[in-house]
Structure formats: structure tokens, C-alpha cells
2 protein chains.
Amino acid sequence: MNQRMYELGSKRSVIREIFEFGKSRAAQIGAENVYDFSLGNPSVAPPQIVEDTLIELLRSDNPTAMHGYTSAQGDASVRGAIAEYIAKTHGVECDPSFLYMTCGAAASLTITLSALCNRGDEVITFAPYFTEYKVFAETAGAKLIALASDPETFQIDFNLLEGAIGKNTAAILVNSPNNPSGVVYNEQTIRKLAEMLCKKSKEYGKTIYLITDEPYRELVYGGVEVPYLTKYYPHTIVCYSYSKSLSLPGERIGYIFVNPKAERAKELYLAVCGAGRALGYVCAPSLFQKMVAKCQGITSDVSIYEKNRNLLADALRKFGYQCVQPDGAFYLFVRALEEDANAFCERAKKYNLLLVPGDDFGCKGYVRIAYCVSTEMIQRALPSFEKLANEYKK
Amino acid sequence: MNQRMYELGSKRSVIREIFEFGKSRAAQIGAENVYDFSLGNPSVAPPQIVEDTLIELLRSDNPTAMHGYTSAQGDASVRGAIAEYIAKTHGVECDPSFLYMTCGAAASLTITLSALCNRGDEVITFAPYFTEYKVFAETAGAKLIALASDPETFQIDFNLLEGAIGKNTAAILVNSPNNPSGVVYNEQTIRKLAEMLCKKSKEYGKTIYLITDEPYRELVYGGVEVPYLTKYYPHTIVCYSYSKSLSLPGERIGYIFVNPKAERAKELYLAVCGAGRALGYVCAPSLFQKMVAKCQGITSDVSIYEKNRNLLADALRKFGYQCVQPDGAFYLFVRALEEDANAFCERAKKYNLLLVPGDDFGCKGYVRIAYCVSTEMIQRALPSFEKLANEYKK
């Protein structure tokens, strides 16, 4: 038996663990009495057009083709529609022959990292970061290096980055809007990042690639812009998922876009195809491929998340909690009210508040609160948050 | 960049290669003039109840739950329905907590092999075998050892197997009904296999596991029985897919069933969960999980494949081709009419017959003919098969 796999299976992702706890707790005391803020499972329904399009596709007169294998890299017309949308929306070059359809963001990342990395390579990311990055990097034989961010803004700390890039650095992995902080990298951060990667690539005589994990691209509030990274740094690979924008996380549909202007883009794309094959992906689910092609530019009603963010962030601040204002995604990353965030989360459970300690996101002393829940549940949970805060005021 | 992935991406599966060639050839001379026997893409439509169930599920009043994340191992009620069906149909113990839903057979295999194997391990299979087994074993750090089968029957050659099992053997991988030969292992073969694995496990002081890849279980003809392997050998892991039985290969839905009576079954199941996580699978597609739960025991109309088999096998024999009678799946594995099967396939292309050379299945001198096509196309293609055979009679 493989020991690494056994350990990954028995010590599961802390988020999944709490989610499972929440389900069993709900069975005991009723779902309405559990305030589960653990999982990034969208609470806003998929847009009606998703259902309508799926039903229309299901009624097509050629179901064997509809449900048949697509090309391994994805149906050609689907990739055509997505490439057109990317080019038009972001004003960048995008070519369907550099798009590879995947089973969601996790697949996009494991495939990209496996295509890019060799044993001993390093992948740099910035804390707080999505807990599974470490697992995905290690699957690719690489080591994840997580750097602390500027504690005031959660933007990149470039002094730390400069010192961390070395001859083994294969890629930088960014996630904006960020899970778990909700922070969006501003244009200044992106420009400085691109500059540094150019400089360091030259210094080490090799191309350092930029991997951008973008499932939350469309979930931004107050008119904030999310820069499209291929415009700033050519050696960029975009990992996208429709899980959050179309509220379909269980359906596993997304894509990888290798910027055609990246160094050795064609070979890199072929390595992506090879990695998809090696990891057993065959093709992305056919029906959902065809659906997303018809729903480009459409998102769930993200105004509900904005309303939740404002309600929760304002109330928590009033109760004495602190957090960096999140401009996107659907998470608040809040300072725990004691040093040990795990102890804080245990205490929160007394009030049936299920929060995720920040330790596994590479940030001790914080908790993640996923506000992709009903607004009404947030309202009901607020007294519990207040009571929890009051415990620490005694 | 990772060289292995680049090579896997640039030198793609020979089947996929021919399939892509067929698509471009069809664009040139019209799809009706290309006799594409390359791909195991079911030609029989999914049963109507698949469409009806999918539409019913899509209209459920809770679309966020319908499309939301399931537990990583799969929705509990889905696993319950499948376990019940397995137990009832095969008269074996099956427990939902030993079922793990996957994105199809390839995922089932990469996950199982990654859970089971360590670097340097060997996995034994029997030629002819599905070309991708080698890739999947190598992803798990293992080496695939392919043994020739009895040339008359394509059943296991136990003399060869006895000599091949050694201290590094982690698992035996079988596929019955077989792709590409269509052969079903009879009960005698299975009993002898179980006996030998017991003996060898004892000899080496470790459990040799049996992995059974079963996407074709329901596609058998003439009342042939496919033994259920957990009954014969406890240390069995069943890798299943609905791709062929429900004609949904593009949708990627299947499962892994770790026999609860296997040595260290609980740990092995956890390693399966870990491997799914490490490879980026998150969960199997939610809508299709819920659909298969409601379609247990249902298959596409396999009588069409039986008709195709009879039509094609009889005609080819009449033209002078030789093949072992296939009892299942939807492939004929036919002796090429010259020593070099690749040259034979090139010659077949002149008649717009797209066949797959057997070399990549570990059997030189054969070709695979996938008869999961329309009966009418087979009829139209017969004169081409005859002309091709006649070339060799000159």
C-alpha cells in the first residue's frame, strides 16, 4: 500500500472534515441549528439558463454523440467558444488549440503542475493559500513554498519573494480573488510580480512560469477589477473552473489555458495533454462541456454574496473581530480571538458555528468563514458570533 | 517541463490518434465514406430512462444541492444504492463504505494503482491488454509486466504467470470481458488464478491484490457468465465504469469497490480516498452520480452489439480472417494478414477502414476492430474488408 495515499486519505482535508462533522451534527440537532461556514459550496442557485441548456442538450437527437468521448483536450467547438469569449472579454490572444478542458480547478492544477514540474522543483505560493496546493504540488513531485503576505493587505510581500526564488523555482502559483482571504491582487501587485519574474528568469537562465488559479474571477464586489495575467506576463497558465461562477462545484468542469505567447507554449500544452492522460482524465464531462460553451459570460447572481459579505463583515467588526476587507470570492479571513485558531474553532463549535482554522492555509491565528450560505442563516448566526466574542471579553 | 508528460502528450494513444485521423478524413470525403472501427465509443443510444432521470434530477427543487460537492468518496445514498445492487446481483457482501465514486474507469484505475503501489512495484497483466494500463501503472510508480495469453483462447497462461510473480508483484490486473479481444475469463480460469494468488501470497509473505477492470461486464452475448471476482479471491478491487453499459463514455462516471474482506481493506479504502485527492479528483460528477443510482441494473440495448459481432465475425471468417470468438465487449481481435500489423492497418486505410494495430495492446500481428458502430456501416464496410483480404491472395 502507498503510505502517502493512506495518510492523505486518513487525515483528510480539514475543510472536508468539518463539512462531514457539520452533516452529522445537522442530523442530530437539525440542519437549521448548525451554522456551517466551512465549505465553499455555492449557496446561490445556478442561473436558470444552465438548467435550460442542459435539458435542451439532453433532448438533442444524437445522444450517443452528446454523451460520447470528446477529444482528450475537449470538444473543438467548446474550446472555440471559450477562446472567443476570453479573447473578447480580456482583449488577449486566445487560441482553442491552447485550451484544455478539465474536471474543475483541482484537475486543472494537478495537470498543470504535473506537466510543468520535475522532482525537486519548487512552486512558490503566498499564504494564506488553498490547503490542497501542497498536495497537488507533491503529486507533481514538487515542493510547495508558501510565503507570508503583507499582513495589512494580504498583497504579495516582494522582499520575501525576491529571496525565495532560486534555481529550483519552476512556477509561482497565485489565486486572486483569494481563497481564503477574499483579497484581489491589484494591478500594481501584478506589474511588480511580472517584473520580478522577468528579472529572475533572466538571472537563472530559465523561464519561471506563472500559474493562476481563477475559480473566483467573476465573484468580485464593488466594481473591483481582476487583471488578466497573460497581459502582464506572457509565461502564464490560467487554471479556470466554472464551479463557483455557475454554482456547479460537484459537476467538475473547467479548463487550462496555456498562453500561446509563453516560452515553449506548444510543448507545454502537449505536456498538459500528457499529464491529463497520465492522471486518468480521458476527457472532461461531455454534457457539461457543451453546456458551458453556451453559457459563456453568464454567472450566478453574485450580488447575493456581496450582500452576505457586507452583512457579515460589518457585524463581525462591530462585535470586535478583525479582517482584511475581501473584494472577492466568498470568504472572510478573520483573526481568531485567541492565539490558537484550532482552540478558537473548537470554542465556536459550542455555539454550533463551524469555522475553518487558518493553520492549513498557512496562516496561524486566523479562521476562514465561507459566506456562500443563505443570508438568513448569517442573520440567525450573528448572535452566536457575538456570544463567542463576548467570551473573550470576560 | 516534465519530459514524461511531454512525451505522453505528443505521442498520444494510438487509438486516439486514429480517431482524430478519422475525424479529419470524414471532413474530407464525407463521414459516410469512412469506416472508423477505431474507438470504443458506444453506438447504441443510452437507455431512454437515462435522459428522463437526468431531466427529472435537473428539475429538482434544490439545484444547488444537486450540483454541489458530494462527499469525496461519493454521495452516501448513491453508494448505498450501488452497494445494494452489487450485493443482490452477485450475491456478495458489499458495503457503501467500501465504494468510492470515480470519473470513469481510467480514474478508477489510476486511483487504485496509486493507492496500492510504491515505486519499484510490479503490476502483472495479460496481453492483449488495454494500451493505457502501462501509462496508469507508471503514474503510480509501478512497472507493468504484460504476459502473453494462451494463443488459442486468450485465457491466462498459468505457466507464464507462475514464473512472473515475484517479491515485487503488488497486483494482478485483469479485464474481462477483454478490450481488445472480447474474451471473457471462464470460471476455471478465475479459480486457477485465485489459487495461484493465494499460493504466491503465502510464498512471498504478502498479499498480492487482484484488480479487475470491468467496464464491459454487462456486454456479453449468448448467455455467457462473467464470474464476480470477490467471490473467488477476497483481495480484490473492482474498477467499474458506466461508460459502456449506459453508453456514456464522455460523462466519466464509475466507481471503485474494495472488497471488505480484502487484507487491510479499510486502510486500502483510505488510500483510495487519498489517491483520489492527490490526483485532483475532488468528487465524481454529481448529477451523473445521482442518475446512476436510479439506473442500477439497466443497460443500453446490447443485442445490437451481439448482432454486429455475428455479422462481422461471420463475414470476416468467410473472407479468410481469423479471430478468437469474442463473448463480450464490442471488439474483434483479428490476425493481420501480414506480419506487421501497422503496415496492414496502413493498407486498410486505402479502403477507408480504420483499424487499430495490436502492437500497443501487447500483441503483434493483430488488429482491433471496434464493432460499436451502426450495423449498417458494418454492412457497407464488408466489401472493403473483402477487397483488403483479396489483396493478400494475389
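Preceding this paragraph is the structure being described.
Residues numbered from 1 in each chain as written. Chains lettered and ligands numbered in written order. Predicted model: local features only at pLDDT ≥ 70, side-chain atom pairs only at ≥ 80, totals over all residues. Heavy atoms only, no water.

### Observations concerning the interface of chain B and chain A
Then, number 1: Opposite the 79 residues of chain B that make contact, chain A presents 79 residues.
Then, number 2: Taken together, both faces of the contact between chain B and chain A bury some 6200 Å²; the carbon and sulfur share is 57%.
Then, number 3: On inspection of chain B and its partner chain A, the count reaches 2 salt bridges.
Then, number 4: The closest approach of N and O atoms between Arg277 of chain B and Glu132 of chain A, which form a salt bridge, is 2.7 Å.
Then, number 5: Connecting chain B to chain A are 41 residue pairs in polar contact (both at pLDDT 80 or more).
Then, number 6: Among the secondary structure elements, those contributing two or more residues to the side of chain B that touches chain A are α1 (3-10), α2 (14-29), α3 (48-58), α4 (63-66), α6 (104-116), α7 (133-139), α10 (265-278) and α11 (286-294) of chain B.
Then, number 7: By residue number, the principal contributor to the side of chain B that touches chain A is α10 of chain B, which donates 9 residues.
Then, number 8: Grouping the amino acids of the side of chain B that touches chain A by side-chain chemistry returns 40 nonpolar, 23 polar and 16 charged. (Contact = heavy atoms within 4.5 Å. Buried area = accessible area lost by both parts, 1.4 Å probe. Salt bridge = Lys/Arg side-chain N within 4 Å of Asp/Glu carboxyl O. Polar contact = N/O pair within 3.5 Å; in protein donor to acceptor, adjacent residues only side chain to side chain. Helix = DSSP H or I, 4+ residues; strand = E, 2+ residues; numbered from the N terminus. Nonpolar A, V, L, I, M, F, W, Y, C, P; charged D, E, K, R; others polar.)

### Description of the pairing of strand β9 (residues 331-335) of chain A
All names here are of chain A.
Then, number 1: Along β9, 4 of the 5 residues are buried, which leaves the element largely enclosed by surrounding structure.
Then, number 2: Strand direction decides the pairing type here: β9 and strand β12 (residues 366-370), joined by 5 bridges, are antiparallel. Directly across from Phe333, in β12, lies its bridge partner Arg368. (Buried < 20%, exposed > 50% of the residue type's maximum accessible area, 1.4 Å probe, protein only. Pairing = 2+ DSSP bridges.)

### What to know about the sheet that holds strand β12 (residues 366-370) of chain B
Residue and element names in this part refer to chain B.
Then, number 1: Spatially, the 3 strands line up as an open sheet ordered β9-β12-β11, and their pairing is antiparallel. On the outer flanks of this sheet lie β9 (331-335) and β11 (356-357), each paired with one strand and no other.
Then, number 2: Looking at chain direction, β11 and β12 are connected through 2 bridges and run antiparallel. Bridge assignment links Val356 to a residue of β12, and that residue is Arg368.
Then, number 3: Contacting β9 and β12, helix α12 (residues 303-319) runs over the sheet at an angle of about 10° to β9. (Axes fitted to C-alpha atoms, helices over the stretch in contact; angles between N-to-C directions.)

### A short note on the side chain of Thr236 of chain A
Then, number 1: Here Thr236 of chain A shows up in strand β7 (residues 236-241).
Then, number 2: Within polar-contact distance, the side chain of Thr236 of chain A engages the backbone oxygen of Tyr233 of chain A at 2.6 Å.

### Some details on the sheet that holds β12 of chain A
Then, number 1: Sheet architecture is open: 3 strands sit in the order β9-β12-β11 (chain A), paired in antiparallel fashion. Looking at the sheet topology across the chains shown, the edges are occupied by β9 and β11 (356-357) of chain A.

### Describing the environment of Ile190 of chain A
All names here are of chain A.
Then, number 1: Position of Ile190 relative to the elements: it lies in helix α9 (residues 187-204).
Then, number 2: The exposure class assigned to Ile190 is buried, which follows from its relative accessible area of 5%.
Then, number 3: Along the chain, Ile190 and Glu162 lie 28 residues apart, while their C-alpha atoms are 14 Å from each other.

### Some details on the relation of the copies chain B and chain A
Then, number 1: Turning chain B through 180° and shifting it by 0.0 Å along the axis lays it on chain A, with an RMSD of 0.0 Å. What we have between these two chains is a two-fold relation.
Then, number 2: When the interface residues of chain B are mapped onto chain A, 100% of them are again interface residues, pointing to one common binding face. (Least-squares fit on C-alpha atoms with pLDDT ≥ 70 in both.)

Note that all results are geometric; they support no functional claim without further evidence.
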